[in-house]
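Here is how the chains run, residue by residue.
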Amino acid sequence: QVQLVESGGGLVQAGGSLRLSCADSARTFSSYHMGWFRQAPGKEREFVAGVPWTGSPTYYADSVKGRFTISRDNAKNTLYLQMNSLNPEDTALYYCAVLVRGLLGTRSAEYDYWGQGTQVTVSS
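Scoring rules and cut-offs
- All chains use their own residue numbering, which begins from 1 and follows the written sequence.
- With the structure being a predicted model, the display of local features is reserved for residues of pLDDT at least 70 and the display and counting of side-chain atom pairs for 80 or more, all residues being used for whole-chain, interface and lining totals.
- Note that the side-chain values use all heavy atoms of the structure and ignore hydrogens as well as water.
- Strands pair, by our definition, only if DSSP identifies at least two bridges between them.
- Numbering goes from the N terminus for both helices and strands, where a helix is a DSSP run of H or I of at least four residues and a strand is a run of E of at least two.
- Every axis corresponds to a line fitted to the C-alpha atoms, with the helix fit spanning only the stretch in contact, and the corresponding angles, defined between N-to-C directions, vary from 0 to 180 degrees.
- Aromatic contacts are taken between Phe, Tyr and Trp rings whose centres are within 6.5 Å, Trp giving its six-membered ring; a plane angle under 30 degrees counts as stacked, one over 60 as edge-to-face, and the others as tilted.
- Classification of residues uses two cut-offs on accessible area relative to the type maximum, computed with a 1.4 Å probe and protein chains only: under 20% is buried, over 50% is exposed, and between them is partly exposed.
- Lysine NZ or arginine CZ positioned within 6 Å of the ring centre and within 35 degrees of the ring normal marks a charge as sitting over the ring.
- Criterion for a salt bridge: a side-chain nitrogen of Lys or Arg within 4 Å of a carboxyl oxygen of Asp or Glu.
- The criterion for a disulfide is a pair of cysteine sulfur atoms lying within 2.5 Å.

Asks: Sorry if this is basic, but what is going on with the sheet that holds strand 7 (residues 68-73) here?
Replies: Note: strands within a sheet are paired through backbone hydrogen bonds, in either parallel or antiparallel orientation. In space, the four strands of this open sheet follow the order 1-3-8-7, with antiparallel pairing throughout. The open sheet is flanked by strand 1 (4-7) and strand 7, the only strands paired with a single partner. In this sheet, adjacent strand axes meet at a mean angle of 15° when their direction is disregarded.

What follows is the structure, encoded as structure tokens:
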């Protein structure tokens with residue numbers, strides 16, 4: 001059973017950086033594709049970045065391309081999201097998710113397991 005726990009969120013000023021982590025306590029995710037999503041108040045959950053189980057290639061939403069970097073350490077069963085040049089529009093609850101079967105995608109409905117989310121708030 002995949003069990004995901006996100007950490008690393010917080011309050012940061014515009015232009016700052018945060019690094020999110022997502023750990024799988026069941027130590028099963030090394031064979032699965034993974035993604036980061038976010039959901040702001042009043043908005044739908046949206047794809048942020050994705051990485052296959054091999055580690056590459058990686059995929060990003062246009063809104064974060066060049067600022068965010070997704071990576072994974074299968075030996076540590078941990079997924080990361082390095083976020084630089086943050087702006088207030090990045091404020092949201094950030095989730096990591098596991099896709100067990102199929103090709104890496106951007107639709108949240110394709111993902112099978114989710115963490116509880118970690119809040120990122122960017123002040124102007």
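Asks: Is there a simple way to think about the packing of aromatic side chains in this case?
Replies: Here a ring pair, both rings aromatic, is described through the centre-centre distance and the interplanar angle of the planes. All told, the structure shown has five aromatic pairs when counted by the stated rule. Summarising the aromatic geometry, the rings of tyrosine 111 and tryptophan 114 are spaced 6.2 Å apart at their centres and angled 55° between planes, so their arrangement reads as tilted. Among the residues examined, tyrosine 111 registers a relative accessible area of 6% and is labelled buried. Its relative accessible area of 27% is what places tryptophan 114 among the partly exposed residues. An aromatic cluster is defined as three or more aromatic residues linked by ring pairs; in this entry it consists of Phe37, Phe47, Tyr95, Tyr111 and Trp114. The aromatic ring of tyrosine 80 is capped on one face by arginine 19, whose charged end is 4.0 Å from the ring centroid.

Asks: I would appreciate a short explanation of the pairing of strand 9 (residues 92-99) in the present structure.
Replies: On any regular strand, side chains alternate: one points to one face of the sheet, the next to the other face. For strand 9, the tally of buried residues reaches seven of eight residues, placing the bulk of the element in the interior. Where strand 9 meets strand 11 (residues 118-123), three bridges bridge the pair, whose relative direction is antiparallel. Bridging across to strand 11, alanine 92 finds its partner in valine 120. In terms of strand pairing, strand 9 meets strand 10 (residues 113-114) through two bridges, oriented antiparallel. Looking at strand 10, one finds that valine 98 is bridged to tyrosine 113.

Asks: How do you make sense of the pattern of salt bridges when you look at a structure like this?
Replies: When their charged atoms lie close together, side chains carrying opposite charge are able to pair. In total, this model carries five salt bridges according to the counting rule given. Here arginine 67 and aspartate 90 are joined by a salt bridge, their closest N and O atoms 2.8 Å apart. On the criterion of sequence distance, the pair formed by arginine 67 in the loop between strand 6 (59-60) and strand 7 and aspartate 90 in the loop between strand 8 (78-83) and strand 9 is long-range, its members being 23 residues apart. Using a relative accessible area of 15% as the deciding quantity, one classes arginine 67 as buried. Where glutamate 110 meets arginine 107, a salt bridge forms, and the shortest distance between an N and an O atom there is 3.5 Å. Connected through shared salt-bridge partners, Arg38, Glu46, Arg67 and Asp90 make up one network.

Asks: Explanation requested: the state of the cysteines in the structure shown.
Replies: By definition, a disulfide links the sulfur atoms of two cysteines through a covalent bond. With the rule as written, the count across this model stands at one disulfide. Between the sulfur atoms of cysteine 22 and its disulfide partner cysteine 96 the distance amounts to 2.0 Å. Classification of the bridge connecting cysteine 22 and cysteine 96 rests on its S-S torsion, roughly 55°, and on that basis the disulfide is right-handed. Of this pair, cysteine 22 sits in strand 3 (residues 18-24) while cysteine 96 is found in strand 9, placing the two residues 74 residues apart along the sequence. Residue cysteine 22 is classed as buried on the basis of its relative accessible area, which comes to 0%.

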